[in-house]
Amino acid sequence: MFIDMQGAALERLNTVIHSHPQWQWEIDQCHRFTKVAEGLLGLLGREREAVLGEPVNAFMTPSEAARAERFFTSRPKAFSCAISRHLHADGHMVALESDALALADEQGEFSGYRGVAHGVMDLAHAENMYRMMAIYNTAPSALCLIGRDGRYLAANAAYAAIHGVAAETLVGCKVAELLPNASIAIRRSLKLLDAGQDVPAQEIVHQERFYQMLANPVRNLTGQVIGITAAFTDITDLRQVEQKLAQINRKLEYYANNDHLTGLPNRRHVDEALTDQVLHTMRGEHPLSVLMIDVDFFKKYNDHYGHLRGDDCLRIVAAQLSKTLQRYGDVVGRYGGEEFIAILPGTDALGALKISGAILHAIRALDLPHAQSRYGKLTLSIGAASLDSVPHAQGMEEIRDRLLQSADRALYTAKLSGRNTVYGMSTGELDA
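These notes cover the structure that comes with them. (Residues numbered from 1 in each chain as written. Predicted model: local features only at pLDDT ≥ 70, side-chain atom pairs only at ≥ 80, totals over all residues. Heavy atoms only, no water.)

1. Re the overall build of the chain
Scanning the chain from terminus to terminus reveals 15 helices and 15 strands. Within the span of the chain, comprising 432 residues, buried residues form 45% of the whole. Of the accessible surface of the chain, which amounts to about 22100 Å², a share of 53% is contributed by carbon and sulfur atoms. (Helix = DSSP H or I, 4+ residues; strand = E, 2+ residues; numbered from the N terminus. Buried < 20%, exposed > 50% of the residue type's maximum accessible area, 1.4 Å probe, protein only. Areas by Shrake-Rupley, 256 points an atom, 1.4 Å probe, with all protein chains shown as cover.)

In structure tokens:
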């Protein structure tokens, strides 16, 4: 395993290597043996002359030799508990566990490794280990082994398929280069594991696919976390279903709160907004105004031009109201039929009349023909009710209902006055 060692941990590894001279070995930058202790020669069943100058993988099967070559080519600064399988002189297999530090020459350039190796299991156990590795390699789940330096130590075919490469080519590669989001998750996982905490499942996005990553620690004999084994599960289909459901829910929420014809908030949404604003006014004594807005002679417009043109007319009015009422907090909605409503927080009676005048002017400026109107074009009537101060000894619902009723009465008065106008009622009239 690669292990990112610094300070005291590096010193401990150095001490371990030098305190076991009987197991020591050294190799140069080409991975050839330059030193080998008697104990290690005994494990290999070979003479010193037969080993010195030979590459490490000279005493391995072809597949194991290729794996060792990939391991050293990645040039770790240190490694611990690295398991390798070697050929004894009599032909049987020997499993070794190695710990090593990188060496540097006088110029500070990499010059090889110094380490110790000892036998860790008999042949039967070694074969079991490699059977487990075979199972790992053929498992349908995407699995990989990652060292503390953020490089792949092993990966199975299912994991390699995520990147579209052969599994063996991943060994020694940096996770950050192939899977940046996973690299971040690995660092986070290591911090949690070092702190003795569990690692929760994490979600990784790669090439528009979603994966759930489960990380578990790999520890050496002293309990140090020397790497992470990670399992990736493709949850793209699940996420796509969730996204579709979220889109449907957003649409349902939109339709529940908005008028299907004009896109404005519907009556239910407006009533909720008005309730909130009345409560706000009661708490802070802020003025509040409501406008009830009606399209003049709309039934005649529908009868003359047809319902499709009538729908277009309502959409045009809705768009103009939204364009005119753009202050923060203003709410304009469709209250039913050809009737619209506007909630104007922080607006007193005089302000409500000014805003109503601007609305009337904006609609007139559209110059939409209305052959059945006395004005020859589309116009509005507006009733305004304002709450300059909160009536005493009244609850929220009573105040809200009286405000709506007063705006409706004011609209009725505007229509009686000839339409194409606004009529306003203030707090004093509400109390009457």
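Next comes the rest of the account.
2. A closer look at the sheet that holds strand β14 (residues 380-387)
Reading across the sheet, the 5 strands line up as β12-β13-β11-β14-β15 and stay open at both edges, with mixed pairing between neighbours. Edge strands, defined here as strands with exactly one partner in the open sheet, are β12 (331-336) and β15 (422-425). Neighbouring strand axes in the sheet, compared pairwise and without regard to direction, differ in orientation by 20° on average. Where strand β11 (residues 288-295) lies against strand β13 (residues 339-345), 7 bridges are found, and the strand directions are antiparallel. Within β13, the residue paired with Ile293 across the bridge is Phe340. Lying on the sheet, helix α14 (residues 396-416) is in contact with β11, β12, β13, β14 and β15; it crosses β14 at an angle near 145°. (Pairing = 2+ DSSP bridges. Axes fitted to C-alpha atoms, helices over the stretch in contact; angles between N-to-C directions. Contact = heavy atoms within 4.5 Å.)

3. Thoughts on the environment of Arg188
Within the secondary structure, Arg188 is located in helix α8 (residues 180-194). You can call Arg188 partly exposed: its relative accessible area is 42%. In this structure the C-alpha to C-alpha distance between Arg188 and Val199, which are 11 residues apart in sequence, comes to 8.7 Å.

4. Here's the deal with the packing of helix α12 (residues 307-324) against helix α13 (residues 349-366)
Contact geometry for α12 and α13: axes closest at 10 Å, N-to-C directions at 135°. Judged by the angle between their axes, α12 and α13 are oblique. As α12 runs across α13, the sense of the crossing is right-handed. Two secondary-structure elements touch here, α12 through Ile316, Val317, Gln320, Leu321 and Thr324 and α13 through Ala358, Ile359, Ala362, Ile363 and Leu366. Its residues placed into classes, the contact of α12 with α13 shows 8 nonpolar, 2 polar and no charged. (Parallel < 35°, antiparallel > 145°, perpendicular 65-115°, else oblique. Left-handed = near helix turned anticlockwise from the far one by under 90°. Nonpolar A, V, L, I, M, F, W, Y, C, P; charged D, E, K, R; others polar.)

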